[in-house]
Amino acid sequence: MIPSFEKMSQAFDIKGKNVIITGGNRGIGKGIAQAMAQCGANVAILARDMEASKRTVEELGVYGGAHRGYSCDVTVFESAKQAVDDVARDFGVIDVLVNNSGIGRFFNVLDEDESLKNWFDVINVNLNGYFIMSYLVAKYMKKQNHGRIINISSNASRIVNLPQRMSSYNVSKAGVDRMTMCLAHEWAEYNIRVNAIAPGYTETDLTYDKDTDKIEYWMSATPVGRFGKPIEVGAMAVYLASPATEQVTGDVLTIDGGYMLAR
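Quick caveat: nothing in here was measured; it's all calculated off a predicted structure.

Asker: An account of the packing of aromatic side chains is requested, with residue identities and associated values reported.
Answerer: By the definition in use, this model includes five aromatic pairs. Arranged with centres 6.4 Å apart and planes meeting at 35 degrees, the rings of Phe 12 and Tyr 239 form a pair that is tilted. Remark: Tyr 239 occurs in helix α8 (residues 230–241) and Phe 12 occurs in the loop between α1 (8–11) and β1 (18–22); sequence separation between them is 227 residues. For Phe 12, a relative accessible area of 44% translates into the label partly exposed.

Asker: Could you give an account of the pattern of salt bridges, with specific residues and numbers?
Answerer: Here the structure, examined in full by the defined rule, presents 13 salt bridges. Ionic pairing is found between Arg 26 and Asp 49, a salt bridge with its closest N-O pair at 3.3 Å. Note that Arg 26 is positioned in the loop between β1 and α2 (27–38) and Asp 49 in the loop between β2 (42–47) and α3 (50–60), a separation of 23 residues in sequence. In this structure, the salt-bridge partner of Arg 193 is Glu 246, at a minimum N-O distance of 2.4 Å. In this pair, Arg 193 sits in strand β6 (residues 192–199) while Glu 246 sits in the loop between α8 and β7 (252–255), placing the two residues 53 residues apart along the sequence. Residues Arg 193 and Glu 246 agree in their burial class; the two are buried. Look at the salt bridges and you will find they share partners, linking Arg 68, Asp 86, Arg 89 and Asp 90 into a network.

Rules used throughout
- Starting afresh in each chain, residues are numbered from 1 along the sequence in its written order.
- In keeping with the predicted nature of the model, local features appear solely for residues at pLDDT of at least 70, side-chain atom pairs appear and are counted solely at 80 or more, and the whole-chain, interface and lining totals rest on all residues.
- For the side-chain quantities, the full set of heavy atoms in the structure was used; hydrogens and water were omitted.
- The rule is short: rings of Phe, Tyr and Trp, with Trp giving its six-membered ring, pair when the centres are within 6.5 Å, and they are stacked under 30 degrees, edge-to-face over 60, tilted in between.
- By the criteria applied, helices consist of DSSP H or I runs no shorter than four residues and strands consist of E runs no shorter than two, each listed in order from the N terminus.
- Each residue's exposure class comes from its accessible area (1.4 Å probe, protein chains only) as a fraction of the maximum for that residue type: buried when under 20%, exposed when over 50%, partly exposed otherwise.
- Just to be clear on terms, a salt bridge is a Lys or Arg side-chain nitrogen sitting within 4 Å of an Asp or Glu carboxyl oxygen.

Next up, the structure:
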């Protein structure tokens, strides 16, 4: 593929690109939506909470562009397919997919009942949901002969995150990293670039905990000494969506304030 830019002024230009963001109505997903919209992209938010999506879409309106919310449960194939088809109908082209929907559960494995609900729920949203969305959107990207898929992983994919017990979350994110690499290799011939972002502790409902002992532990182990901001993850997502990363695929970019350095 010939590079799509010749000047640095074009390298990070995503103006007019159509971006799907799952779970884009809160937390990291909302930070990504804001970053994309501020850089001129059109944003389609796929989520179950349509009221939250409506509020976020209204907030994005100040940046211009076309932004819409779609009802979607990424763990249900029919729901995901309907949402993706609707976005393709409304926007015409899907340039970027950001797989961001996610849940986390803290639990001790041997305290679980035999339904293993806390295991299966997390794997289903954080890994199976990413695969379903990637499959559906890549069908359109293959026809277009271009596209970017950005998976929101976590530094927990490569460490046992402490002090909480969160095996299902850690394993789901490790699966996301490996899936990113496999799909990047398989879909490169269709000019589809697949990468992942691995945030550390970020100011979201998923990671914020009122347990001050946990927060103190997390911050003491983070060299930069603070939580990350959703918009900072959004900036990295813009980079991966831009022409500058045509030669980048199958990579997992970490943004965790140095948390992993001593792990």
